[in-house]
Amino acid sequence: MGQKLKIVGWLSVGALAGALTTVSLQTTARGAFAPLPLEELQQLAAVFGMVKSDYVEAVDEKKLITEAISGMVASLDPHSQYFDKKSFKEFSEGTSGRFVGVGIEITQEEGVVKVVSPIEGSPADRAGLKTNDLITKIDDTFVKGLSMNDAVKRMRGEPNTKVLLTIFRKDESRTFTVTIVREEIKTQSVKAKLLDSGYGWIRVSQFQERTVEDFSKKIEDMYKQEPKLKGLVLDLRNDPGGLLDAAVALSAAFLPENATVVSTNGQLEESKFVYKAAPQFWRRSADVDPIQRLTQNTQGQLKKVPLVVLVNEGSASASEIVAGALQDHKRAVVMGSQTFGKGSVQTVRQLGPDTALKLTTARYYTPSGRSIQAKGILPDVMLDETENGNVFAALRTREEDLEKHLGNGQEAEKKNEERQKAREEALKKLEAEAKKPQSERRPPEFGSDKDFQLNQALNQLKGLPVKVSATLAARKEEKKDK
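This section reports on the structure supplied with the text.

Along its length, the protein chain carries 12 helices and 21 strands. By the burial criterion, 52% of the 482 residues in the protein chain qualify as buried. Counted over contacts in the protein chain with a minimum sequence separation of 6, partners at least 24 positions apart contribute 71%. Carbon and sulfur atoms provide 52% of the accessible area of the protein chain, an area that totals close to 23000 Å².

Have a look at this one:
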């Protein structure tokens, strides 16, 4: 892969670090610096001096500088971030699938923390937190005004310690508190089972260090039980992302050798790169490669088995890489709803022993050259979440909804007044829905026999009629290109 570029394998959206990040690369070269703006730097020094000398209380100089750096980087886009010692440790822990906290995947909405989804089996899940819950207060601290990084810090802590969260649940129009005991979260990123008549379902909830190995073992076990697998559903719904090399490896399990999986492009020469379905693009050691082992143990059948990929608005980054690659190569039928649209690349560079900068350096592109930044993957077949429709899609947060988001660099900016009208109609329907009993509002578990989208995916594989969405359509993004 060359000496100029090393994959460090950090690609995550929301889940564990609490920030919506994406492909992370470590470059060893730097671009040439432009002349420094001396007048502005003098102003910065003057403000620093005034704050230090004139502020009502004594201030910590290091804290001032750290906050200045953090603010400068955060002003660029939603995904660039300065990591201090603690946040860098937490970000690194997130890729391993182990950390101490409450166990929720989060984003930010209108200055407060929004729950994307609780991690299955976590303290937050057991406490009853739900998707779209808003966290307005953490212990005695109001979330409004906190950075995402600060909010995550306050929810993390030592094992067996308590944190009090104040929750506003929109669909019930009520505020309540819940006390959660922190514990080490060990996320299981892969689930699988055989369905009726020789069809399989495998769900990847996040791309972590062990995902490729666990995925390979689950598929191998599935083929041991059913050597003549008729079709497979790869479920990437609500998968917020994870490791880039894991996404490339998972795609390669289904694609021909050396097929293009994803490419990146930015200002730095090192950010222009093409990732292919070959072991050198994901292999981390000299040990037996799990994807090669999987191909051998299944006699290459996984590259031929009929395949459906399920996605939704919560599918982001690494999961969009996989869905886009399989769609472009016509290897799978992508079904569900338009994905999150996280198509930018962040480079993580260490500034010192325990601090780092995560900076947006490129966009990524599907094999056919599509940028999905602020757009997402549009499924081949649009599906509602339930048999009764999917009327709340307009309310779900995607990349294009984030303040200061990048455009995709391929289309002119568009304004979408229809979007606002759809939101208003959805809010009215949400008010009516909130009056129903809670048991009627809870969606079926992914992979259950009541999972409407999974049942439609099975119909697709079996050649049976599919109930296509009558309400969903491609969202027109309001882009702000930089």
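Side-chain positions along a regular strand alternate between the two faces of the sheet. Alternating residues of strand β4 (residues 98–101) divide into Phe 99 and Gly 101, all buried, and Arg 98 and Val 100, none buried. Note that β4 and strand β11 (residues 183–186) share 4 bridges and pair antiparallel. Within the sheet, the bridge partner assigned to Arg 98 lies in β11 and is Lys 186.

Attention now goes to the packing of aromatic side chains. Geometrically, a pair of aromatic rings is defined through the distance of the ring centres and the angle of the planes. This structure, assessed with the given rule, holds 5 aromatic pairs. Ring-pair connections join several aromatic residues into one group, and the members of that group are Phe 273, Tyr 275 and Phe 281. Its guanidinium or amino end placed over the ring of Phe 142, Lys 137 lies 4.7 Å from that ring's centre, counting from NZ or CZ. Sitting above the plane of the Phe 446 ring, Arg 237 keeps its charged end 3.9 Å from the centroid.

Next up on the list: the packing of helix α6 (residues 211–225) against helix α8 (residues 290–297). The N-to-C vectors of α6 and α8 enclose an angle of 10°; their axes lie 9 Å apart at closest approach. Our classification of the angle between α6 and α8 gives roughly parallel. Across the interface between the two elements, Val 212, Glu 213, Phe 215, Ser 216, Lys 217, Ile 219 and Glu 220 from α6 touch Pro 290, Ile 291, Arg 293, Leu 294 and Asn 297 from α8. Here the residues of the contact of α6 with α8 are counted per class, giving 6 nonpolar, 2 polar and 4 charged.

So, on to the nonpolar core. One finds Phe 215, Leu 232, Leu 234, Leu 302 and Val 309 to be the most contacted residues of the largest nonpolar core, which totals 53 residues. Top element by residues in this core is helix α7 (residues 244–252). It accounts for 7 residues. If we skip the residues at most four places from it in the chain, Val 309 touches Leu 234, Leu 236, Ala 323, Leu 326, Ala 332, Val 333, Val 334 and Met 335.

Quick look at the environment of Ser 216 now. Relative to the elements of secondary structure, Ser 216 occurs in helix α6. For Ser 216, a relative accessible area of 0% puts it in the buried group. Sequence separation between Ser 216 and Leu 294 is 78 residues, and the spatial gap between their C-alpha atoms is 5.7 Å. In contact with Ser 216, not counting residues within four places along its chain, are Pro 290, Ile 291, Arg 293 and Leu 294. Of note is the side chain of Ser 216, whose polar atom sits 3.3 Å from the backbone oxygen of Pro 290.

Turning next to the pattern of salt bridges. A full pass over the atoms with the stated rule returns 16 salt bridges. For Asp 133, the salt bridge identified is with Arg 169, shortest N-O distance 2.8 Å. In this pair, Asp 133 is assigned in the loop between α4 (123–126) and β7 (134–138) and Arg 169 in strand β9 (residues 162–169), connecting sequence segments 36 residues apart. Of the two residues, Asp 133 and Arg 169, neither departs from the other in class, the shared state being buried. A salt bridge links Asp 328 to Arg 370; its shortest N-O distance comes to 2.6 Å. Highlighted residues: Asp 328 in helix α9 (residues 318–328) and Arg 370 in the loop between β20 (356–365) and β21 (381–382), separated in sequence by 42 residues.

Criteria and thresholds
- Residues numbered from 1 in each chain as written.
- Predicted model: local features only at pLDDT ≥ 70, side-chain atom pairs only at ≥ 80, totals over all residues.
- Heavy atoms only, no water.
- Helix = DSSP H or I, 4+ residues; strand = E, 2+ residues; numbered from the N terminus.
- Buried < 20%, exposed > 50% of the residue type's maximum accessible area, 1.4 Å probe, protein only.
- Contact = heavy atoms within 4.5 Å.
- Areas by Shrake-Rupley, 256 points an atom, 1.4 Å probe, with all protein chains shown as cover.
- Pairing = 2+ DSSP bridges.
- Phe/Tyr/Trp six-rings, centres within 6.5 Å; stacked < 30°, edge-to-face > 60°.
- Lys NZ or Arg CZ within 6 Å of the ring centre and 35° of its normal.
- Axes fitted to C-alpha atoms, helices over the stretch in contact; angles between N-to-C directions.
- Parallel < 35°, antiparallel > 145°, perpendicular 65-115°, else oblique.
- Nonpolar A, V, L, I, M, F, W, Y, C, P; charged D, E, K, R; others polar.
- Core = buried A, V, L, I, M, F, W, Y, C linked by side-chain atoms within 4.5 Å.
- Polar contact = N/O pair within 3.5 Å; in protein donor to acceptor, adjacent residues only side chain to side chain.
- Salt bridge = Lys/Arg side-chain N within 4 Å of Asp/Glu carboxyl O.

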